[in-house]
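These are the residues of each chain, in order.
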Amino acid sequence: MTDSRPPRASDPLVQPDGKVTTLDARGEIDGLRRSLRALPDIEPDPELWERIQEQAAARPKGMGQRLPLAVAASLLLAVTAGILGANLLQGPPADSAAIRALKERSMKLEPFTRNIHADPVTAAFQYRIADVDSQLAGVTDGRLSQAETQRLWGRRVALMESLAEVRRARAALQAAVY
Amino acid sequence: MAGLSSTLLTSETARGLKRGDPAAQAEAYRVLAPPLMGMAQRILGDRGLAEEVVQDTFVSMIERAGSLRSAEAAVGWVRQTAVNHCLMRLRSPWQQRRIAGPMREAADPSQEAPRDENLRDLERALARLAPETRMVIWLHDVEGYTHREIGRLFGRTESFSKSQLARGYGKLTGKETVTGGEDDGFATTASVGPACAT
């Protein structure tokens, strides 16, 4: 006989793994989720926008200004190769051999760039590597050309090699001192 | 209201961003900076670090908005960039001392802390979680990331995200027996314990 009354919060439900669930516990988590979404935004320091503008103006004219040209160049290349339609419809093309090689090099360097003694020098390298990573995020939705992708991976590898070199130099210095 | 997922730029502002229009950049900052700051501060637990994230994100936006495929992608791009900057700081041994400590009290409670007592409790409880756990909870439940996306972000599996989420809610509710479930990491078990007021 089926119990047709609506479920109560305290009703136990048996999970496939044998654990018991109650609606009130579930409801509590749902309530927490709603509360998380209800947390207010936080206003940054009133002067932050000014600092951002100053920093952006002070940085060398770099990728932001060069990119339209790079995009135009890669578009021209894509049209020439007759792959523009396929690229736009299917997302990013497969990695070139050069990009694959850079990725492999990057993976090999990873162990040498972890657990490094923290200081401003290594932190600066880590920031730069993370900055490159944030730009590489554009690869997944097809925003970056192969040329730009290769340039970024090359930059990442160069930074990691520098960081690994810092680590090696420190180890050598310590060995010499002690 | 927290979260960038429900924040929109007008199409005029988004198009202006792509063109590098300073007025559009200022407008995008006005609209996006507070939710971005909310996300970063709750993930990192440090106002100074959160402002650094906002600053780095918007400097990148000013430099690179022209390369966006579409104006509509601007908010998603800003959010992803900010998330990457948060993650970078979580991973940096140099920053871990700042992040690991308890979340600083707001300098001016009337301006920053939620007026609702329950929300204040939630802020405090959130601040006591491990930074990675906070980040998983925020990305999943406020920003709407999937477990797969979070796992990929951390260079881990989908299960990592689910277990972090379950562990986090277990601590927030005081129910350590919260276990992983099928779709969102929960098959909430019936233990009792002190709940974070909601």
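Look up a bit, the structure's there.
Residues numbered from 1 in each chain as written. Chains lettered and ligands numbered in written order. Predicted model: local features only at pLDDT ≥ 70, side-chain atom pairs only at ≥ 80, totals over all residues. Heavy atoms only, no water.

A.B. asks: Summarise the overall build of chain B; cite the residues concerned and give the values.
C.D. replies: Counting secondary structure elements, chain B contains nine helices and zero strands. Listing the helices and strands of chain B from first to last along the sequence gives α-α-α-α-α-α-α-α-α. When each of the 198 residues of chain B is scored for burial, the buried share is 56%. Taking the contacts inside chain B whose residues are at least 6 apart along the sequence as the reference set, 59% of them involve residues at least 24 apart. About 8,400 Å² of surface is accessible on chain B, with carbon and sulfur atoms providing 49% of the total. (Helix = DSSP H or I, 4+ residues; strand = E, 2+ residues; numbered from the N terminus. Buried < 20%, exposed > 50% of the residue type's maximum accessible area, 1.4 Å probe, protein only. Contact = heavy atoms within 4.5 Å. Areas by Shrake-Rupley, 256 points an atom, 1.4 Å probe, with all protein chains shown as cover.)

A.B. asks: Could you give an account of the pattern of salt bridges, naming the residues involved and the relevant values?
C.D. replies: Going through the model one piece at a time under the given rule, you end up with 14 salt bridges over all chains. Among the salt bridges present, the one from A:Arg51 reaches B:Glu51, with a minimum N-O distance of 3.7 Å. Of the two residues, A:Arg51 is situated in helix 2 (residues 48-58) and B:Glu51 in helix 3 (residues 47-64); the pairing between them involves two chains. Among the residues examined, A:Arg51 registers a relative accessible area of 30% and is labelled partly exposed. (Salt bridge = Lys/Arg side-chain N within 4 Å of Asp/Glu carboxyl O.)

A.B. asks: With reference to specific residues and values, describe the packing of aromatic side chains.
C.D. replies: The full count for this structure, using the stated rule, is three aromatic pairs over all chains. Centre to centre, the rings of B:Tyr29 and B:Phe58 are 5.0 Å apart; their planes meet at 70°, and the pair counts as edge-to-face. On the criterion of sequence distance, the pair formed by B:Tyr29 in helix 2 (residues 22-44) and B:Phe58 in helix 3 is long-range, its members being 29 residues apart. When its relative accessible area of 9% is taken as the criterion, B:Tyr29 is described as buried. Ring-pair connections join several aromatic residues into one group, and the members of that group are A:Trp49, B:Tyr29 and B:Phe58. (Phe/Tyr/Trp six-rings, centres within 6.5 Å; stacked < 30°, edge-to-face > 60°.)

A.B. asks: Mind laying out helix 1 (residues 11-19) of chain B, listing which residues take part and the relevant values?
C.D. replies: All names here are of chain B. If you check which residues of helix 1 are buried, you get Thr13, Ala14, Gly16 and Leu17. In an axial view of helix 1, the angular spread of the buried residues amounts to 160°, which keeps them on one side of the axis. Counted as exposed and oriented over 90 degrees from the buried face of helix 1: Glu12 and Arg19. Where helix 1 is buried, its residues contact helix 2, helix 3 and helix 4 (74-91). A positive backbone phi angle near 85° is found at Gly20, which sits one or two residues after helix 1. (Arc of directions from axis to C-beta.)

A.B. asks: So what's going on with the environment of B:Gly151? Which residues, and what values?
C.D. replies: All names here are of chain B. Along the polypeptide, Gly151 turns up in helix 8 (residues 147-153). Taking relative accessible area as the criterion, Gly151 reaches 0% and is therefore assigned buried. The residues contacting Gly151, other than those within four sequence positions of it, are Arg156, Thr157 and Ser161.

A.B. asks: Please set out the packing of helix 1 of chain B against helix 2 of chain B residue by residue, giving values where relevant.
C.D. replies: For any two helices packed against each other, one specifies the crossing angle of their axes together with the interaxial distance. Residue and element names in this part refer to chain B. Two elements in contact, helix 1 and helix 2, have axes whose closest approach is 8 Å; the angle formed by their N-to-C orientations is 125°. In terms of their interaxial angle, helix 1 and helix 2 are classed as oblique. You can see that helix 1 and helix 2 cross each other, and the crossing is left-handed. Contact with helix 1, carried on its side by Thr13, Gly16 and Leu17, involves Ala24, Gln25, Glu27 and Ala28 of helix 2 and no other residues of that element. Within the contact of helix 1 with helix 2, the residues separate by chemical class into three nonpolar, three polar and one charged. (Axes fitted to C-alpha atoms, helices over the stretch in contact; angles between N-to-C directions. Parallel < 35°, antiparallel > 145°, perpendicular 65-115°, else oblique. Left-handed = near helix turned anticlockwise from the far one by under 90°. Nonpolar A, V, L, I, M, F, W, Y, C, P; charged D, E, K, R; others polar.)

A.B. asks: Which residues make up the packing of helix 2 of chain B against helix 7 (residues 131-142) of chain B, and what values do they have?
C.D. replies: All names here are of chain B. The contact between helix 2 and helix 7 brings their axes to 8 Å, and the two run at 145°. Touching Gly38, Met39, Arg42, Ile43 and Leu44 of helix 2 are Pro131, Arg134, Met135 and Trp138, all from helix 7. When the residues that make up the contact of helix 2 with helix 7 are grouped by side-chain class, the tally is six nonpolar, one polar and two charged.

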